[in-house]
Amino acid sequence: MRRYIGWIILGTLIFYLFGTLFPFFMTLSGFFAWLVPLLMWNSLGRNSCNQTMFLLILGFLALAFAGSHGVFLGWEQILVVNLPLLAMFVAVSFLTLTNPGIEDPYLPQGRRAVISTAIGTHLLGAAINLSVLFVFGDRLQKGGKLSREQMIILARSFCAAAWWSPFFIATGVALTYAPDMLWTETLIPGAVMSFIAIGFSTIEVCWFRKAVFSGYPLKRESLTVPVLLAAIVILVHHFWPDFSILTLICLLAPTGALLLMRGRPRLLTLSDFIGNKILSVSSQFALFLAAGVFSTGIKSVIEVYPGVFSFQSTTFTPALFAMVSGTMIVVGILGVHPVVSIAIVSPLLLPLNPNHSQLGFLFLTSWAVSTSSSPLSGVGLALVSRFNASPKMILQSNYHYAIAMWGVACVVNILYFG
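Given the structure is predicted, the values throughout are model-derived calculations rather than measurements.

(A) Highlighting the packing of aromatic side chains. The full count for this structure, using the stated rule, is 16 aromatic pairs. Residues Phe 15 and Phe 25 carry aromatic rings whose centres are separated by 5.9 Å and whose planes lie at 10° to one another, so their mutual orientation is stacked. Of the two residues, Phe 15 sits in helix 1 (residues 5-19) while Phe 25 sits in helix 2 (residues 24-40), which places them ten residues apart along the sequence. Measuring from ring centre to ring centre gives 5.3 Å for Phe 15 and Phe 32, while their planes differ by 85°; the resulting arrangement is edge-to-face. In this pair, Phe 15 is assigned in helix 1 and Phe 32 in helix 2, connecting sequence segments 17 residues apart. Among the aromatic side chains, those forming a connected cluster through ring pairs are Phe 15, Phe 18, Phe 22, Phe 24, Phe 25, Phe 31 and Phe 32.

(B) Here's a closer look at the pattern of salt bridges. One pass over the full model with this rule turns up two salt bridges. A salt bridge links Lys 277 to Asp 272; its shortest N-O distance comes to 4.0 Å.

(C) Quick look at unusual backbone geometry. Even without a glycine there, the phi angle at Asn 353 is positive, about 55°. Among the secondary structure elements, Asn 353 is positioned in the loop between helix 16 (338-349) and helix 17 (356-373).

(D) Spotlight on the environment of Val 92. With respect to the element layout, Val 92 can be found in helix 5 (residues 83-93). Sequence separation of Val 92 and Pro 226 is 134 residues, and the distance between their C-alpha atoms is 12 Å. Contacts of Val 92, omitting those with residues within four sequence positions, involve Phe 167, Ile 249 and Ala 253.

(E) Quick look at the environment of Ser 244. Relative to the assigned elements, Ser 244 resides in the loop between helix 11 (224-239) and helix 12 (245-260). On the basis of relative accessible area, Ser 244 is assigned to the partly exposed category, the value being 34%. Only 3.3 Å separates the side chain of Ser 244 from the backbone nitrogen of Thr 247, close enough to count as a polar contact.

(F) Structural detail: the state of the cysteines. Under the defined criterion, the tally for this structure stands at zero disulfides. Here Cys 159 is not disulfide-linked; the sulfur of Cys 410 is the nearest cysteine sulfur, at 19 Å.

(G) Main features of the packing of helix 5 against helix 9 (residues 169-177). For the pair helix 5 and helix 9, interaxial distance at closest approach is 10 Å and the crossing angle is 165°. Judged by the angle between their axes, helix 5 and helix 9 are roughly antiparallel. The hand of the helix 5/helix 9 crossing is right-handed. Counted together, Leu 85, Met 88 and Phe 89 of helix 5 and Ile 169, Gly 172, Val 173 and Thr 176 of helix 9 form the full contact between these two elements. Of the residues belonging to the contact of helix 5 with helix 9, the class tally is five nonpolar, two polar and no charged.

(H) Region of interest: helix 9. With eight of nine residues buried, helix 9 is to be regarded as a mostly interior element. On its buried face, helix 9 is in contact with helix 5, helix 10 (183-208), helix 12, helix 14 (282-304), helix 16 and helix 17.

(I) Representation of the nonpolar core within the structure. Of all hydrophobic cores here, the largest spans 127 residues; its most connected members are Trp 163, Phe 288 and Phe 363. Setting aside chain neighbours within four positions, we find Phe 288 in contact with Asn 82, Leu 85, Leu 86, Phe 89, Ile 169, Val 173, His 337, Val 339 and Trp 367. Of all hydrophobic cores here, the second largest spans nine residues; its members include Val 114, Ala 118, Ile 152 and Cys 206.

(J) The arrangement of the environment of Leu 258 in detail. For Leu 258, the location among the structural elements is in helix 12. Leu 258 sits in the partly exposed class, given a relative accessible area of 35%. Sequence separation between Leu 258 and Leu 86 is 172 residues; the distance between their C-alpha atoms is 20 Å. Sequence-distant contacts of Leu 258, defined by excluding residues within four places in its chain, comprise Arg 266 and Leu 270.

Definitions and cut-offs
Residues numbered from 1 in each chain as written. Predicted model: local features only at pLDDT ≥ 70, side-chain atom pairs only at ≥ 80, totals over all residues. Heavy atoms only, no water. Phe/Tyr/Trp six-rings, centres within 6.5 Å; stacked < 30°, edge-to-face > 60°. Helix = DSSP H or I, 4+ residues; strand = E, 2+ residues; numbered from the N terminus. Salt bridge = Lys/Arg side-chain N within 4 Å of Asp/Glu carboxyl O. Contact = heavy atoms within 4.5 Å. Buried < 20%, exposed > 50% of the residue type's maximum accessible area, 1.4 Å probe, protein only. Polar contact = N/O pair within 3.5 Å; in protein donor to acceptor, adjacent residues only side chain to side chain. Disulfide = S-S within 2.5 Å. Axes fitted to C-alpha atoms, helices over the stretch in contact; angles between N-to-C directions. Parallel < 35°, antiparallel > 145°, perpendicular 65-115°, else oblique. Left-handed = near helix turned anticlockwise from the far one by under 90°. Nonpolar A, V, L, I, M, F, W, Y, C, P; charged D, E, K, R; others polar. Core = buried A, V, L, I, M, F, W, Y, C linked by side-chain atoms within 4.5 Å.

Keep in mind these values describe shape, not function.
Given below as structure tokens:
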């Protein structure tokens, strides 16, 4: 059965797209989505299994408690609330087919190498996601390790794309849990935050750390894919603002990947991707489906005791933004996946009738800062497992960055949304 799982994952995306026109297919998409973690359970990492079971148990306990008090939000809300995110996961995974080919073996050094590596990681990561860390890291490592400075640039530059890239799953999560968020309204503050984050890291490595930096030999043609895809998203969203960003990404990412894929022969490369490489999203299927159950459980309990969880006369002030974002960043650094904290915070803040784009900016900030600073995030675990990074070193290298970027985000929130 394992050899068919790649096609089941692809079926989740295809039936989801059909479901946007014919609701019946959405049920099939949800069925396929739940099949993935069930069939792949024994292959999932221990951490993924533990988090998934924890969320499912708490979620169903909350649902049972709410149901005993007459509150039931419906099976569709429980089982497929995060289905658009999973479809997006599958769609953007196709972009790994556009990974850069073999580059010049020469490694440039110095400040220009720092800047080119940061920009390359950021822009390529914005399109092809986590695989860019492996592409760049494998090229830069010596003896299976990266220098502290290389890790700082790679992790922070990559995660900073969460602030603005429509191909980052963070954007999909923000659009789901801040449902009236407009991506174009978070694009400018997000781009500003990314620029500041990359500038902060570049200055730190170039002027405050004296080690020699060997960077990635980036070429202009390598940036064609991310720039082209981002431009298409911006143009389509400008002329058709009512077109769903999630649906647009689900259509554009696979299409663009098939047109711009580097592997040859194309059919064999695509078959290998569906049969093997696409299986890497199975852990995300487990986590996000469980997070959907958990989030619906939280919403159900709030429906039972609306007064207890109400902020009453509170409004979404800059102080509340700072407090909530700071808390989410801390728990994210401690290992709680951002989607979990977002699932908890969203139903608590939505009754305040906040600007949903401002709320989305909060979610994107917590994601971008915590994932770049934690040894327990997906990025942190990749550095630890593949490049022998020390968890302690990751924390020591990034705690000041996390504090600084949290402070900057609070200021940008006041200036842009205030």
